[in-house]
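# Coordinate inspection notes
So you can see what is in the structure, the chains are spelled out below.
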Amino acid sequence: MSTTLLLARHGQTVWHAENRYAGVSDVALTETGRAQAEALGRWAAAHPVEAIWTSPVSRAVITAEPVCRALGLTPHREPDLRECDFGVAEGRTLAEFAQEHPKAAEAFRADPVAHPFPGAEDPAAAAARGAAALHRIAAAHDGERVLVVAHNTLFRLVLCELLRIPVSDYRRVFPRLRNAAVTELRMETTSVGLMSLNVPCEPDEA
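This structure is a prediction, so every number in the text was calculated from the model and none was measured.

### Let's talk about the overall build of the protein
Within the protein, the secondary structure is distributed over 7 helices and 6 strands. Taking 206 residues into account, the globule formula puts the C-alpha radius of gyration at 17 Å, and the protein, at 16 Å, falls close to it. Principal axes of the C-alpha set define a box for the protein whose edges measure 50 × 40 × 30 Å. Split into buried and exposed, the 206 residues of the protein put 49% on the buried side. The contacts of the protein with a sequence gap of at least 6 include a subset with a gap of at least 24, amounting to 69%.

Below you can see the structure in the form of structure tokens.
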């Protein structure tokens, strides 16, 4: 098996400016986010893919729509590509959470996998489900290029899982993925290669 997966985070949302945890919340794209989605569509027109997979969360589905139009493809939705549930931190910034739960915030900063937010999904479990989803997608599209549109934290966890980086280091190794930027993975039968990371789909977004 040899499949190229092109991972793209969804466009900017209304919570982006304040860096609020969206997680499983259904948060709308901003006008900037929609413009980023259109830019991703233009990028796809110049770098075609054979298939498109998305998270079922609307901000990812909407981000993929310009790509689908450009290439005439119907997207597949994969439930295991949904963003992590951030529990009590949903809708909050880390600073707001720290005001109410300073010790929990300190523990999260030290090791976000061993000490996730109260009520949150186990980050290691999220990494495993996301990685398994990408392996399934790669196996279903052997020899093809596939665009996968999903989420910032999920992708960072999955990158650690696939590249054999300690998952607890995801915030340090991958501080953030830019909205609508592209990360390329080469998925082989027994290995995964990182070909590029966080590449803007248009030069002025660098």
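### Side note on the layout of surface pockets
The calculated volume of the largest pocket comes to roughly 490 Å³. Lining the largest pocket are 24 residues, and of these R9, N19, R20, N152 and R156 lie nearest its centre. Ranked by the residues each element gives to the lining of the largest pocket, the list is headed by helix α6 (residues 152–163), at 3 residues. For the lining of the largest pocket, the per-class residue count stands at 6 nonpolar, 11 polar and 7 charged.

### Overview of the pattern of salt bridges
All told, the structure shown has 11 salt bridges when counted by the stated rule. Residues E18 and R20 are paired through a salt bridge, measuring 2.6 Å at the closest nitrogen-oxygen approach. Residues joined by salt bridges that share partners form a network here, namely E78, D80, R82 and R136.

### Digging into the sheet that holds strand β1 (residues 2–9)
As a general point, the strands of a sheet are linked pairwise by backbone hydrogen bonds and lie either parallel or antiparallel. Reading across the sheet, the 6 strands line up as β3-β2-β4-β1-β5-β6 and stay open at both edges, with mixed pairing between neighbours. Among the strands making up the open sheet, the edge pair consists of β3 (76–77) and β6 (192–199). Sheet topology note: the strand β5 (residues 182–188)/β6 ladder contains 5 bridges and is antiparallel. Bridge assignment links E184 to a residue of β6, and that residue is S196. Across the sheet, helix α5 (residues 123–140) lies against β1, β2 (51–54), β4 (145–150), β5 and β6, angled at about 130° from β1, the strand it touches most. α6 rests against β1, β4, β5 and β6 of the sheet, and its axis sits at about 150° to β1.

### Regarding the packing of aromatic side chains
Counted under the stated rule, the structure contains 5 aromatic pairs. With a centroid separation of 4.9 Å and 75° between ring planes, the pair formed by F97 and F117 is classed as edge-to-face. Highlighted residues: F97 in helix α3 (residues 94–100) and F117 in the loop between α4 (102–110) and α5, separated in sequence by 20 residues. As far as the burial class goes, F97 and F117 line up, both buried. Members of the aromatic cluster, each reached through a chain of ring pairs, are Y21, F86, F97, F108 and F117.

### Some thoughts on the state of the cysteines
The full count for this structure, using the stated rule, is 0 disulfides. This cysteine, C84, is not joined by any disulfide, and C160 carries the nearest cysteine sulfur, 12 Å off. Its sulfur unpaired, C201 is 15 Å from the next cysteine sulfur, which belongs to C68.

### Observations concerning the packing of helix α1 (residues 31–46) against helix α2 (residues 58–71)
To describe two helices that pack against each other, one gives the angle between their axes and the distance between the axes. Between α1 and α2, the shortest axis-to-axis distance is 8 Å and the interhelical angle comes to 30°. Between α1 and α2, the angle is such that the two are roughly parallel. The interaxial crossing formed by α1 with α2 has right-handed handedness. Side by side, α1 and α2 meet where R34, A37, E38, L40, G41, A44 and A45 of the first sit next to I62, T63, P66, V67, R69, A70 and L71 of the second.

About the cut-offs
Residues numbered from 1 in each chain as written. Predicted model: local features only at pLDDT ≥ 70, side-chain atom pairs only at ≥ 80, totals over all residues. Heavy atoms only, no water. Helix = DSSP H or I, 4+ residues; strand = E, 2+ residues; numbered from the N terminus. Rg over C-alpha atoms; globule rule 2.2 N^0.38 Å. Buried < 20%, exposed > 50% of the residue type's maximum accessible area, 1.4 Å probe, protein only. Contact = heavy atoms within 4.5 Å. 1 Å grid on protein atoms, 1.4 Å probe; cavity = no way out; pocket = protein on both sides within 12 Å on 5 of 7 lines; lining within 4 Å. Points joined across faces, edges and corners; volume = space filled by probe spheres on them. Nonpolar A, V, L, I, M, F, W, Y, C, P; charged D, E, K, R; others polar. Salt bridge = Lys/Arg side-chain N within 4 Å of Asp/Glu carboxyl O. Pairing = 2+ DSSP bridges. Axes fitted to C-alpha atoms, helices over the stretch in contact; angles between N-to-C directions. Phe/Tyr/Trp six-rings, centres within 6.5 Å; stacked < 30°, edge-to-face > 60°. Disulfide = S-S within 2.5 Å. Parallel < 35°, antiparallel > 145°, perpendicular 65-115°, else oblique. Left-handed = near helix turned anticlockwise from the far one by under 90°.

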